[in-house]
Number of protein chains: 4
Amino acid sequence: MGTDSGQGARASAGPARRRGPSPEKTARTRAQVVQAAMAEFLDQGYSAATMAGVARRAGLAKGTLYLYFPTKEALFAGIVRDIVTNPLQEAEAQAIGAEETVADYFRRTLVPVMRRIESSGRAAVARLILAEGARFPVLAEVYREEVFHPLVDHIRLHAARAIARGEPGGEILARHPHLLIAPLWVGMVNNGVIAPDRPLDIGAMFEASLDLIFR
Amino acid sequence: MGTDSGQGARASAGPARRRGPSPEKTARTRAQVVQAAMAEFLDQGYSAATMAGVARRAGLAKGTLYLYFPTKEALFAGIVRDIVTNPLQEAEAQAIGAEETVADYFRRTLVPVMRRIESSGRAAVARLILAEGARFPVLAEVYREEVFHPLVDHIRLHAARAIARGEPGGEILARHPHLLIAPLWVGMVNNGVIAPDRPLDIGAMFEASLDLIFR
Amino acid sequence: MGTDSGQGARASAGPARRRGPSPEKTARTRAQVVQAAMAEFLDQGYSAATMAGVARRAGLAKGTLYLYFPTKEALFAGIVRDIVTNPLQEAEAQAIGAEETVADYFRRTLVPVMRRIESSGRAAVARLILAEGARFPVLAEVYREEVFHPLVDHIRLHAARAIARGEPGGEILARHPHLLIAPLWVGMVNNGVIAPDRPLDIGAMFEASLDLIFR
Amino acid sequence: MGTDSGQGARASAGPARRRGPSPEKTARTRAQVVQAAMAEFLDQGYSAATMAGVARRAGLAKGTLYLYFPTKEALFAGIVRDIVTNPLQEAEAQAIGAEETVADYFRRTLVPVMRRIESSGRAAVARLILAEGARFPVLAEVYREEVFHPLVDHIRLHAARAIARGEPGGEILARHPHLLIAPLWVGMVNNGVIAPDRPLDIGAMFEASLDLIFR
DNA sequence: GATGAATGAGGATTCATTCAT
DNA sequence: AATGAATGAATCCTCATTCAT
């Protein structure tokens, strides 16, 4: 967020003639920083995270971090987008089939994602959003715009479609689209923090939720 | 949490003969500390909270805090119970009527609580649990034992009752009791962090959820 | 400047009833800080001075400094007034005698001050003013208002008196009051930095200057 | 100052046979470095000056500076001579006329220089000398040997001449040669730091001083 | 020669904790 | 019991210096 070192504008035009370290090396280092920062912030939260911790994880010196991000806060802001990449993007991208009911469509596209959602540190992300969202509005904002609202809109859209087609459940889903993703949150909360040793089956809950809504 | 400074076992036995502050005064001061600490930790999270901040809120000197809790961590641990007091306790305490369906029972006892849940800083509590639960297992543990499990058990119990009585929805609720409280979490997450300016009506979502489950 | 711990408003009213360290102790510590900071800044200049250096000189921990001044810059600003206390104050305070010529008056009141000016670290002060005045306008400003202008005004005033009385030298002094203090500056520069091992006799130069101006 | 990277002894001897940059190029780069360093040090003082700042001003990379000077301190020492170039050199070089009084000689040769002295950043130089002279004796030393003493000796020499010729003012000038340059210092101090917005007319003060000394 | 990414020691500042009063 | 000045370890950040390209 503001510290991008201006890559991107070199395409054809022959071999780069730069002195010193290659842009590739720089990009790799930057990636290391981002990677390490993500891990550190997800592990520790913003306040408890230390630049030294990030540096250690990245295998770099502390000072190096400041070549890429001017402050700890900027580093945090800079990785927010990387942290909240929408896990449902691929699901949203798939179109509904002509004959397919909305229920079947959700079952086909969303259930697999829900099942996978845990393995990839989603609980940690949720934790960070909830923990720091109040003090770093940008975090909540990015999450809202990139993940939360798109998903809810996606659901609303298909709720409308269900109504149009006369499929049951459309009405209730249009009124309370959040009900569909509610199981996701209890699941992440339970599995990530409350009782990781007795995890809930988010996929199963989601399917049950689908069954309930669509009769 | 092992930090109580040993009051408590002195009650009758004639008029107290000691100089200095009365036990009442001490208890009052302790209450101030706990109160202030709760506010500070809920506001700031563990790391960002400061002992100075707690002292300021309590209207006490920093040193005084250490008369009641030996470390910041102990203070945090010491107030966990106060933080997570079960907001559903009264609801759980009410018995189901002989003629009452489980659905009606939940509607009668839980909906009002759900509606009130937001006003009393519940989102802040949720935030704290999620944020610090991983690093302070005791926090997650207390929450699990005092709030989460009791509520889920309560739901399970009445799901069994619904089955026994042949009321619809019992089966699904028995298999997925968390579904009933799922709206609570999306609601708190949305209203507390994601989009406080466009709050979800948790009560309405909960009722909708009840309707779905119990037909 | 801004961190004064509010002494001053306690006069009669019986013994102070404060808990904790006495105000006297606090005042003494503050004095230590100021003293040490003065020495450090005069020795090292602003940039090269370190808070650790100040703490060491004061015999205090680093953190303690921050109880009295919130930043290094504030500490610097806070001692500027102490640093530039007008060394000529007593001289200016003495009134000219009814029969006394202005030349004699200056000889009586200023020469002793000039002779003493070196011993009391005045060169170090001048050095600091010149060195940091550009980057810390407040420093130059305080020096100008507290020392430089008062002295020049004092000279101008008595130049006018000399003119009124028909004493020689008044005219030239009125036109160039700075000429009278010029020897002070070459002297301080020479003795403080250029050739401390071959100091100029500022008193003698000043007297010679007086002789020249007043014939 | 012992930092020259060993150019200089290669001149005739046929066409140079080396690859890479010519000695001219090197010399030019070195000049850029010196120029930039002077500006940076005069602006910021030694401690606050940064190698990055010098590099930026020079339009070079940081690493390049180290090809010419091994350390920041060496760079500073290396430019001291450039910083303190004697502004009075030309004046001192001019011989006194056979019929010319010493007073007239000084008026002819020194006044113009004095009038010009302000425009060329002399205050900055004085500031640097005073600020860093104590910690970088070489700075004071060079200034003393290149500027201060030559000028004072020049004055002494002509004071002796004035005495020999029976011109008035010779005695006093011989005893206090620094009196003649005193106005210069108050002037630079006032105009450079104390009150740049109300500058003193150094030329006028110097002339007045000449008038006083030579009757 | 020139570059600038990488380094890490050093400096300002914060804050949990102690202790004399 | 209560105070708050004092402490110093820990943290963020800067910058002189190095070195692979």
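Residues numbered from 1 in each chain as written. Chains lettered and ligands numbered in written order. Predicted model: local features only at pLDDT ≥ 70, side-chain atom pairs only at ≥ 80, totals over all residues. Heavy atoms only, no water.

- Identification of chain A as TetR family transcriptional regulator from Zavarzinia compransoris is taken from an unreviewed UniProt entry.

**Focus on the protein's contact with DNA strand F**
Right, so step 1: Surveying the vicinity of DNA strand F reveals 37 residues, the closest of which are B:T64, B:Y68, C:T29, C:T64 and C:Y68.
Right, so step 2: The sugar-phosphate backbone supplies 70% of the atoms of DNA strand F found within 4 Å of the protein.
Right, so step 3: The contact in question runs from a phosphate oxygen of DNA strand F to an N or O atom on the backbone of B:A61, over 3.2 Å.
Right, so step 4: Take C:Y68: an N or O atom from its side chain is 2.4 Å from a phosphate oxygen of DNA strand F.
Right, so step 5: Among the elements of the structure, α3 (62–68) of chain A, α1 (23–48) and α3 (62–68) of chain B, α1 (23–48) and α3 (62–68) of chain C together with α3 (62–68) of chain D are those that each provide at least two residues to the surface near DNA strand F.
Right, so step 6: A class-by-class count of the residues in the surface near DNA strand F yields 16 nonpolar, 13 polar and 8 charged. (Near = heavy atom within 4 Å. Polar contact = N/O pair within 3.5 Å; in protein donor to acceptor, adjacent residues only side chain to side chain. Helix = DSSP H or I, 4+ residues; strand = E, 2+ residues; numbered from the N terminus. Nonpolar A, V, L, I, M, F, W, Y, C, P; charged D, E, K, R; others polar.)

**Details of the relation of the copies chain C and chain D**
Right, so step 1: Between chain C and chain D, the superposition needs a rotation of 178° and an axial shift of 0.1 Å, giving an RMSD of 0.4 Å. Overall, the copies show the geometry of a two-fold rotation axis. (Least-squares fit on C-alpha atoms with pLDDT ≥ 70 in both.)

**Re the protein's contact with DNA strand E**
Right, so step 1: By nearness alone, 37 residues border DNA strand E, and A:T29, A:T64, A:Y68, B:K72 and D:T64 come closest of all.
Right, so step 2: Measuring from a phosphate oxygen of DNA strand E, one finds a backbone N or O atom of C:K72 at 2.9 Å.
Right, so step 3: In the environment of DNA strand E, a phosphate oxygen lies 2.7 Å from a nitrogen or oxygen atom belonging to the side chain of D:T64.
Right, so step 4: Counting only elements with at least two residues in the surface near DNA strand E, the list comes to α1 (23–48) and α3 of chain A, α3 of chain B, α3 of chain C together with α1 (23–48) and α3 of chain D.

**Comments concerning the interface of chain C and chain D**
Right, so step 1: At the junction of the two partners, chain C supplies 39 residues and chain D supplies 39 residues.
Right, so step 2: Summed over both sides, the interface between chain C and chain D buries roughly 3,500 Å², with carbon and sulfur atoms accounting for 78% of that surface.
Right, so step 3: Three residues stand out in chain C for area buried against chain D, namely C:L130, C:I194 and C:L212, and they jointly supply 20% of the buried area on that side.
Right, so step 4: There are 4 residue pairs in polar contact (both at pLDDT 80 or more) connecting chain C and chain D.
Right, so step 5: Residue assignment for the side of chain C that touches chain D shows that the elements contributing at least two residues are α1, α7 (122–132), α8 (137–165), α10 (178–194) and α11 (202–213) of chain C.
Right, so step 6: It is α10(C) that provides the largest number of residues to the side of chain C that touches chain D, a total of 11 residues.
Right, so step 7: Classifying every residue of the side of chain C that touches chain D by side-chain character gives 25 nonpolar, 9 polar and 5 charged. (Contact = heavy atoms within 4.5 Å. Buried area = accessible area lost by both parts, 1.4 Å probe.)

**Some thoughts on the relation of the copies chain A and chain B**
Right, so step 1: Each copy of the sequence occupies a distinct position, and chain A is placed on chain B by a rotation of 179° and an axial shift of 0.0 Å, giving an RMSD of 0.2 Å.
Right, so step 2: The share of interface residues of chain A whose copies in chain B are also at the interface is 100%, consistent with both copies meeting through the same surface.

**Describing the domain arrangement of chain A**
Residue and element names in this part refer to chain A.
Right, so step 1: Here chain A is partitioned into domain 1 (23–80) and domain 2 (89–213).
Right, so step 2: A separation of 30 Å is found between the C-alpha centroids of domain 1 and domain 2.
Right, so step 3: Taken together, the contact pairs 9 residues of domain 1 with 10 residues of domain 2.
Right, so step 4: Surface buried jointly by domain 1 and domain 2 totals about 780 Å² across both partners, of which 79% is contributed by carbon and sulfur atoms.
Right, so step 5: Considering only the side of domain 1, the residues that lose the most area to domain 2 are L42, F76 and V80, jointly responsible for 65% of the buried surface there.
Right, so step 6: The interface formed by domain 1 and domain 2 includes 0 salt bridges.
Right, so step 7: At the boundary of domain 1 with domain 2, the tally comes to 1 residue pair in polar contact (both at pLDDT 80 or more).
Right, so step 8: Per-element accounting of the side of domain 1 that touches domain 2 gives the leading share, 6 residues, to α1.
Right, so step 9: Across the side of domain 1 that touches domain 2, the residue classes tally to 5 nonpolar, 2 polar and 2 charged. (Domains from an automatic or database assignment. Salt bridge = Lys/Arg side-chain N within 4 Å of Asp/Glu carboxyl O.)

**Looking at the interface of chain A and chain B**
Right, so step 1: On the chain B side, the residues contacting the 39 residues of chain A number 39 residues.
Right, so step 2: For the pair chain A and chain B, the summed buried area comes to about 3,400 Å², and 78% of that belongs to carbon and sulfur atoms.
Right, so step 3: Summed over the three residues of chain A that lose the most area to chain B, namely A:L130, A:I194 and A:L212, the buried surface amounts to 20% of that side.
Right, so step 4: Linking chain A to chain B there are 4 residue pairs in polar contact (both at pLDDT 80 or more).
Right, so step 5: If you list the elements that add at least two residues to the side of chain A that touches chain B, you get α1, α7 (122–132), α8 (137–165), α10 (178–194) and α11 (202–213) of chain A.
Right, so step 6: Broken down by element, the side of chain A that touches chain B gets its largest block of residues, 11 residues, from α10(A).
Right, so step 7: Its residues assigned to classes, the side of chain A that touches chain B shows 25 nonpolar, 9 polar and 5 charged.

**Re the environment of A:R165**
Residues and elements named next belong to chain A.
Right, so step 1: With respect to the element layout, R165 can be found in helix α8.
Right, so step 2: Residue class for R165 comes out partly exposed when judged on its relative accessible area of 31%.
Right, so step 3: Along the chain, R165 and F76 lie 89 residues apart, while their C-alpha atoms are 45 Å from each other.
Right, so step 4: Not counting the four nearest positions on each side in its chain, R165 is found in contact with G97, A98, E99, E100 and T101. (Buried < 20%, exposed > 50% of the residue type's maximum accessible area, 1.4 Å probe, protein only.)

**Considerations on the packing of aromatic side chains**
Each aromatic ring pair is summarised here by two numbers: the centre-to-centre distance and the angle between the ring planes.
Right, so step 1: Enumeration according to the criterion identifies 32 aromatic pairs over all chains in this entry.
Right, so step 2: With centroids separated by 6.4 Å and ring planes inclined at 55°, the aromatic side chains of B:F106 and B:F214 adopt a geometry described as tilted. Here the residue B:F106 occupies a position in helix α6 (residues 102–117), and B:F214 occupies one in the segment after α11 (202–213), the gap between them amounting to 108 residues.
Right, so step 3: Taking relative accessible area as the criterion, B:F106 reaches 0% and is therefore assigned buried.
Right, so step 4: Following the ring pairs from residue to residue traces out a cluster consisting of A:F41, A:Y46, A:F76 and A:F136.
Right, so step 5: Above the plane of the ring of A:Y46 lies A:K72, whose end atom (NZ or CZ) is 4.6 Å from the centre. (Phe/Tyr/Trp six-rings, centres within 6.5 Å; stacked < 30°, edge-to-face > 60°. Lys NZ or Arg CZ within 6 Å of the ring centre and 35° of its normal.)

**Describing helix α4 (residues 72–83) of chain B**
Turn by turn, an α-helix covers 3.6 residues, leaving residues three or four places apart pointing in a common direction.
Right, so step 1: Here α4(B) spans 16 Å end to end across 12 residues, near enough to the 16 Å set by a 1.5 Å rise per residue.
Right, so step 2: For α4(B), the full list of buried residues reads B:A74, B:L75, B:F76, B:A77, B:I79, B:V80 and B:I83. (Expected span 1.5 Å × (residues − 1).)

**Observations regarding the UniProt feature "domain: HTH tetR-type" (unreviewed entry) in chain A**
Right, so step 1: Per the UniProt record, the feature "domain: HTH tetR-type" (unreviewed entry) sits at residues 27–87 of chain A.
Right, so step 2: Taken as a whole, residues 27–87 of chain A contains 80% helix and 0% strand, while its terminal C-alpha atoms sit 24 Å from one another. (UniProt positions renumbered as here; feature names shortened; annotations may be inferred.)

**A few points about the environment of B:T26**
Right, so step 1: Tracing the chain through its elements places B:T26 in helix α1.
Right, so step 2: Along the primary structure B:T26 and B:Y68 are separated by 42 residues, whereas in three dimensions their C-alpha atoms are 9.4 Å apart.

**Notes on the UniProt feature "DNA-binding region" (unreviewed entry) in chain A**
Right, so step 1: As recorded in UniProt, the sites labelled "DNA-binding region" (unreviewed entry) are residues 50–69 of chain A.
Right, so step 2: Annotated as residues 50–69 of chain A, this span is 75% helix and 0% strand, and its ends, taken at the C-alpha atoms, are 14 Å apart.

**Here we look at the packing of α8(C) against helix α10 (residues 178–194) of chain D**
Right, so step 1: Taken N-terminus to C-terminus, the directions of α8(C) and α10(D) make an angle of 130°; their axes are 10 Å apart at the nearest point. Comparing their axes, α10(D) and α8(C) come out oblique. Touching C:A140, C:Y143, C:R144 and C:F148 of α8(C) are D:V186, D:N190, D:V193 and D:I194, all from α10(D).
Right, so step 2: Looking at side-chain class alone, the contact of α8(C) with α10(D) contains 6 nonpolar, 1 polar and 1 charged residues. (Axes fitted to C-alpha atoms, helices over the stretch in contact; angles between N-to-C directions. Parallel < 35°, antiparallel > 145°, perpendicular 65-115°, else oblique.)

**Here's the deal with the environment of D:L157**
All names here are of chain D.
Right, so step 1: Considering the arrangement of structural elements, one finds L157 in helix α8 (residues 137–165).
Right, so step 2: Since its relative accessible area comes to 58%, L157 is described here as exposed.
Right, so step 3: For the pair formed by L157 and A174, sequence separation is 17 residues and the distance between their alpha carbons is 8.3 Å.

**Brief notes about the packing of α1(B) against α4(B)**
Residue and element names in this part refer to chain B.
Right, so step 1: Where α1 contacts α4, the axes come no closer than 9 Å and their chain directions differ by 105°. Taken together, the axes of α1 and α4 are roughly perpendicular relative to one another. Where α1 abuts α4, its residues V33, V34, A37, M38, F41, L42, Y46 and S47 lie against K72, E73, L75, F76, I79, D82 and I83.
Right, so step 2: Here the contact of α1 with α4 is composed, by residue class, of 11 nonpolar, 1 polar and 3 charged.

**A look at the pattern of salt bridges**
Residue and element names in this part refer to chain A.
Right, so step 1: Counting across every chain of the model gives 50 salt bridges over all chains.
Right, so step 2: Salt-bridge contacts for E167 lead to R165; the nearest nitrogen and oxygen are separated by 3.4 Å.
Right, so step 3: Linked by salt bridges that have partners in common, E40, D43 and R57 make up one network.

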